[in-house]
Structures are given as structure tokens and as C-alpha cells.
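Structural description and commentary
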Amino acid sequence: MQHNVLILDFGSQYTQLIARRVRELNIFCEIFPYNHFPTDLSDYKAVILSGSPFSVRSEDAPHPDLSQIRGKLPLLAVCYGAQYLAHFSGGEVAPSNIREYGRANLSYIKVNEPFFEKVNAHSQVWMSHSDTIKSLPENGVRLASTNDVENAAYRIEGEQTYAIQFHPEVYHSTDGKQMLENFLVNIAQVPQNFTPNAFVDEMVAELKEKLQNDKVVLGLSGGVDSTVAAVLLHQAIGKNLYCIFVNNGLLRKNEFENVLDQYKHMGLNVKGVDASGRFLSELAGVSDPETKRKIIGRVFIEVFDDEAHQIEDVKWLAQGTIYPDVIESVSVKGPSATIKSHHNVGGLPDYMKLSIVEPLRMLFKDEVRRVGATLGIDASLLGRHPFPGPGLSIRILGDITLEKVRILQEVDALFIEGLKSFGLYDKVWQAGAILLPVNSVGVMGDERTYEKVVALRAVESTDGMTADWVHLPYDFLMKISNEIINKVKGVNRVVYDISSKPPATIEWE
Ligand code: XMP
């Protein structure tokens, strides 16, 4: 990939959002920690400094080395970045005595400034800082103010350096994207050539060059990322891509057969391995969620390893890693603390001695979907809800038996089919059913029953980090609940989970 825009991260919660807005302009950008970025910047056309939770006045505040950047490349400094430039170049930054948080409106914009072209006179901007710039740095020219923030935006005379105290990347800054476009396209003249088509062409060429006639093995999961990675690689190296799709016995009803079939129709060289018996026998009697995850992770590696060894001379392992995982592992804060062990599955053990190829490592999830669409992958595959690696094992609370898997698969299938037939599936980010480890009393005909309870869960989210429960229509819930109780033997009660994340999580285990 060509390097176009460098974003230096000072640890702001919004840094990824800056990258997403830049990418929405069809401009390629990369995020690096402020203290660890490439020394050779000759391929970059502009730099953006992010915000930060730090105050520039505190001792442990980030101090980037901008000697290769300032005055040499067009520079946009956001929030902390703007205060940093002011504080260390002859200006003054001090604690603000009013609250500079939330929505504000510009009350002054300097005329004839390219940075503010097509920006509305009283444009709304999003502020989020406790310090404020009291006086501008040397050669600073004020460009905009709000009623409370005099130096909301400035530039440095004689340089292509711009600084803003508000956050253009947040949607509440209604002209934020316009300002980013003004800076990147009009001022820095960065080309807008990062499109899904261009990505596919470039990546396929890069993979051909890198992999030559080597054999590559890839584990398919049925999810969007591994599928798109496989199709890209298939375009580049054809039959030298060996895909392995493992049935761990914890997939959705008929998922293994259906998805395998879809993969074969796509022309992929894929081997389906049914290891469900092995997974279920290793999981027998295990109730602890983390132990379940560890067992599944280990058995998956063993099964995959056995299969991969049967491919003679395989050199590469392909993975569907995407950009948020990459940023997370090199972020200013370092990899975040492990909350659930399976979230950071780290590939295969060292002894496999395979080199890693990750064709999607520069893409955000929505970009992966767009690339997938460009590659002609079916919308039904690209629009699938996320599904956890350990599958139904973490939705069967307590120990796992074949019978419990069967019950949950039936319930889950009715729920998901119902969402589809009511036109609700695409409005929900993720949905599934949970088998609870309790029995409840019911009546059926003249008989008293004492059977299982299932919970239904449907959430809205953008990335799984936070989530709200979906207000599914009562009519729908009524129909699904009846259907489940009538059709699935062993279940006599259905409940709906109305908890948001945080404090709850999406999965129950
Ligand atoms: P939580 O339950 O943490 O889930 O709110 C957030 C997202 O992550 C998925 N998830 C997992 N995915 N292995 C996975 O591959 C796991 O162990 C795992 N646990 C949760 C969950 O389905 C949701 O999309």
C-alpha cells in the first residue's frame, strides 16, 4: 500500500475515528504511536496529531519528536496536538476555568481561509478538553473561535501547519469531515485513490509478488474476515491456497454443511474437517467458561495442525486479522488487559514454522465488507452477524452435552430465521440464544412439565465494545416464543435479555 497520511496517536479514545473519517474520503492512512513511527517519511503526504487524555503541562505528557514533520509536511494538530504545538512553541496553555466539553458553535471564522471553505458560519463542533490555549504560538494566526474558546483554530504563518482544539472526527462536529477534506485534499493535495477496487488490485498484485508459487494454508470460520481473506488470496494464487474449515460441533444448525457448500461454489480449495466428536468429548463435564475457551483453542490448533501437516511444503499461514487488532497491539497504551482469553487468539504455535500473511491487516471491518462486495462475495455471507470462535459452548451455561447443543441449535435457528422473515436481521448487529442451566415448571395439556429455559439476546453495536439491547417488536417476540416452546422439545420457557453493555456483556459467559 502507498503511504499517504500518518496519524500520530497520543492515546485519545477518538484516534481510530480520525482514521475512519480519513478513509471515508478514500484516502489511505495509518496510525502509529507518537513515540514509535517510521523514520523515513518520504512517502507520506500529510500528518495528523491526535488528541490525548494527558495535559501538555503534566510531566508524563507525550513528547513526540516532530523534527521530520513540522514545516516539512502539511500538519493538522487536533486537541492535544493543537495544545502541544502552542505550549512548546511560544504560546500558553492553561487549565480552562469554564467547561470546554460537548457541543459548541463557531462564533468567528477568519475569511478566505482554505481550511474553512464550505464550512457553515456557525458550524457545530465537539470540544473535549480541560486545558485551553490562552495565547497562540509564534507566528500563530487565529482562524476560528467559539463563544467560550477564543483560539478554537489557528495556523502557523509560513507553514502548512493547522491546529484545532475541537474534534473534527466526531460526528457532532457537523462540518468536521469537510474540514478534513479541506486540509487533506485542498491544502495537502493527498490523492483520493483508496477505493475497494484499488485495494483489491494492489493487494492481489502484492500477494502474487510475495507468495510466488508458495503454498498457503488458511483456517476458514464462516465469518466475514476469513472469507474475504480467502477470496483475495484465491485471486492471487489460486489452487495454492489450501483452506481448512473445522466443525467443532458448536456451530449453528446446519452451518458446517451450508457454509462449506458456499465456499466450494466460490471455487475455493477447501477441506471440511468434522472434529465435533473430539471437541465434545474434550469438553465433557467442563463448566468454567475460560476453561471451555482454552480447550476449544487447544483442540482447534491440534486439528488444524494435523491437517496443515498433510499439505506438502506449505510455507505460509494466512490470517484474517483486521486493522483494529493491529492498532490495539501496538497502541500507546499497549495491548489492553485480557478480559476474555479467546479475544486474543494468537495464531498457531511456533513449531509450525510458517510465515504469516495477513491481507486485511490494514482494513476496518466496514472496509472488509466493501472489499468483499467488490470481490463478488454473496451479500448473505458478508452481512452475517458476528459469531464467537467458541461458538455455542459459551451460550450453553454450565457443562456441554450433545443434547444441549441440539436444543440450542434448534432454538437459535428459529430465532435467526424469524429475524430474517420479519426483516429484522439486518437491523440487528448480533443475535443468538442462550441455554440456561435452570429448569422451570410449566403445563402442557394436563401435564406438568419441568424443562429448560432459554434466553434470547439481540444487540445493536458498531464494534462489540459497547452494545444496547434491541427493542424487538412484541408481536415478533410473541411469535418466536410460541414457536420455540411448541417446536423444541425440552424447552418450556423463553425470556428476552434487556441488558446493555456495559455493565453486562453480549455473551453470557
Ligand atoms: P462480549 O461478550 O465480550 O462480546 O461483550 C463482544 C463480542 O465478542 C464476541 N466474543 C468472542 N469472540 N471468542 C470470539 O471469537 C470469544 O471467546 C468471544 N467472547 C465473546 C461476542 O460474540 C461479541 O461479538
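Because the structure is predicted, anything quoted here is derived from the model rather than measured. (Residues numbered from 1 in each chain as written. Predicted model: local features only at pLDDT ≥ 70, side-chain atom pairs only at ≥ 80, totals over all residues. Heavy atoms only, no water.)

1. A look at the overall build of the protein
Where we set the bar: Elements are defined by DSSP. Helices are runs of H or I of four residues or more, strands are runs of E of two residues or more, and each kind is numbered from the N terminus. With a 1.4 Å probe rolled over the protein chains alone, any residue whose accessible area is under 20% of its type maximum counts as buried; one over 50% counts as exposed, and the rest are partly exposed. Residue contacts are counted whenever heavy atoms from the two residues lie within 4.5 Å of one another. Surface exposure here means Shrake-Rupley accessible area, sampled with a 1.4 Å probe, where a residue is shielded only by the protein chains that are shown. A positive count includes Lys and Arg, and a negative count includes Asp and Glu. His and the chain ends are not counted in either. For charged residues, the charge sits on one atom: NZ in Lys, CZ in Arg, CG in Asp, CD in Glu.
Summing up its helical and strand segments, the protein has 13 helices and 18 strands in all. Projected onto its principal axes, the C-alpha coordinates of the protein cover approximately 85 × 60 × 40 Å. Here the protein holds 509 residues, and the buried ones make up 53% of them. Here the contacts in the protein between residues at least 6 apart in sequence split such that 75% fall between residues at least 24 apart. Here the protein displays about 23400 Å² of accessible surface, and carbon together with sulfur accounts for 49% of that area. When the 50 positive and 64 negative side-chain charges of the protein are each reduced to one mean point, those points stand 3 Å apart.

2. Looking at the domain arrangement of the protein
Rules: An automatic or database domain assignment provides the domain bounds reported here. For any pair of parts, buried area is found by adding up, for both, the accessible area (1.4 Å probe) each one loses once the two are put together. Any Lys or Arg side-chain nitrogen found within 4 Å of a carboxyl oxygen on Asp or Glu counts as a salt bridge. Pairs of N or O atoms are called polar contacts if they sit within 3.5 Å, as long as, within protein, a hydrogen donor faces a hydrogen acceptor (for residues adjacent in sequence, only side-chain-to-side-chain pairs). Three residue categories are used. Nonpolar comprises Ala, Val, Leu, Ile, Met, Phe, Trp, Tyr, Cys and Pro, charged comprises Asp, Glu, Lys and Arg, and polar comprises the others, including Gly.
On domain assignment, one finds that the protein holds domain 1 (5-187), domain 2 (196-382) and domain 3 (401-496). At the junction of the two partners, domain 2 supplies six residues and domain 3 supplies nine residues. Between domain 2 and domain 3, the buried area comes to about 560 Å², and carbon and sulfur atoms account for 51% of it. Counting the surface domain 2 buries against domain 3, the share from its top three residues, Arg-252, Lys-253 and Leu-280, is 80%. At the surface where domain 2 touches domain 3, the tally comes to two salt bridges. The salt bridge involving Lys-253 is made with Glu-410; its shortest N-O contact spans 3.2 Å. Remark: the boundary between domain 2 and domain 3 carries four residue pairs in polar contact (both at pLDDT 80 or more). Residues belonging to the side of domain 2 that touches domain 3 are distributed by class as follows: three nonpolar, one polar and two charged.

3. Here we look at the pattern of salt bridges
In this structure the tally under the stated criterion is 27 salt bridges. Among the ionic pairs, Asp-366 bridges to Arg-20, the shortest N-O distance being 3.0 Å. One end of the pair, Asp-366, is in helix 10 (residues 365-374); the other, Arg-20, is in helix 1 (residues 15-24), with 346 residues separating them in the sequence. A salt bridge links Lys-177 to Glu-24; its shortest N-O distance comes to 3.5 Å. Residue Lys-177 is located in helix 3 (residues 176-187), and its partner Glu-24 is located in helix 1; the two are separated by 153 residues in the primary sequence.

4. Looking at the environment of Ile-237
By the secondary structure assignment, Ile-237 is in helix 5 (residues 224-237). Residue classification places Ile-237 among the buried positions, given a relative accessible area of 11%. Beyond its immediate stretch of four places on either side in the chain, Ile-237 contacts Leu-211, Gln-212, Asp-214 and Val-216.

5. Some words on the sheet that holds strand 12 (residues 270-274)
For clarity, the threshold we go by: Strands are treated as partners if at least two bridges between them are detected by DSSP. Only the contacting stretch of a helix is used when fitting its axis, a line to C-alpha atoms as for every element, and angles between N-to-C directions run 0 to 180 degrees.
Across the sheet, which stays open at both edges, the five strands sit in the order 12-11-10-13-14 with parallel pairing between neighbours. Each end of this open sheet is capped by a strand with a single partner; those strands are strand 12 and strand 14 (355-357). When the angles between neighbouring strand axes are averaged without regard to direction, this sheet yields 30°. Bridging between strand 13 (residues 314-318) and strand 14 involves three bridges; their strand directions are parallel. Paired with Ala-318 across the strands is Val-357, a residue of strand 14.

6. With respect to the pairing of strand 2 (residues 29-33)
Spelled out, the test is: For a crossover, the right-handed case is the one in which the path from the first strand over the helix to the second runs clockwise, viewed with the strands pointing away from the viewer.
Of all five residues that make up strand 2, four are buried, and the element is covered over most of its length. Handedness of the β-α-β unit built from strand 1 (residues 5-9), helix 1 and strand 2 comes out right-handed.

7. Examining the state of the cysteines
Here is the rule: Two cysteine sulfurs form a disulfide in these notes if their separation is within 2.5 Å.
Overall, the coordinates contain zero disulfides when judged by the stated rule. Counting only cysteine sulfurs, Cys-29 is the nearest neighbor of Cys-79, a cysteine outside any disulfide, at a range of 19 Å. The exposure class of Cys-79 is buried, given its relative accessible area of 3%.

8. Some details on the packing of helix 4 (residues 196-211) against helix 10
What counts here: Angles are sorted into four bins: roughly parallel if under 35 degrees, roughly antiparallel if over 145, roughly perpendicular if 65 to 115, and oblique for all others.
Contact pair helix 4 / helix 10: the axes reach a minimum separation of 9 Å and the direction vectors enclose 75°. Compared by their axis directions, helix 4 and helix 10 come out roughly perpendicular. In contact with Pro-196, Asn-197, Phe-199 and Val-200 of helix 4, helix 10 contributes Arg-370, Val-371 and Thr-374. Of the residues assigned to the contact of helix 4 with helix 10, the class counts are four nonpolar, two polar and one charged.

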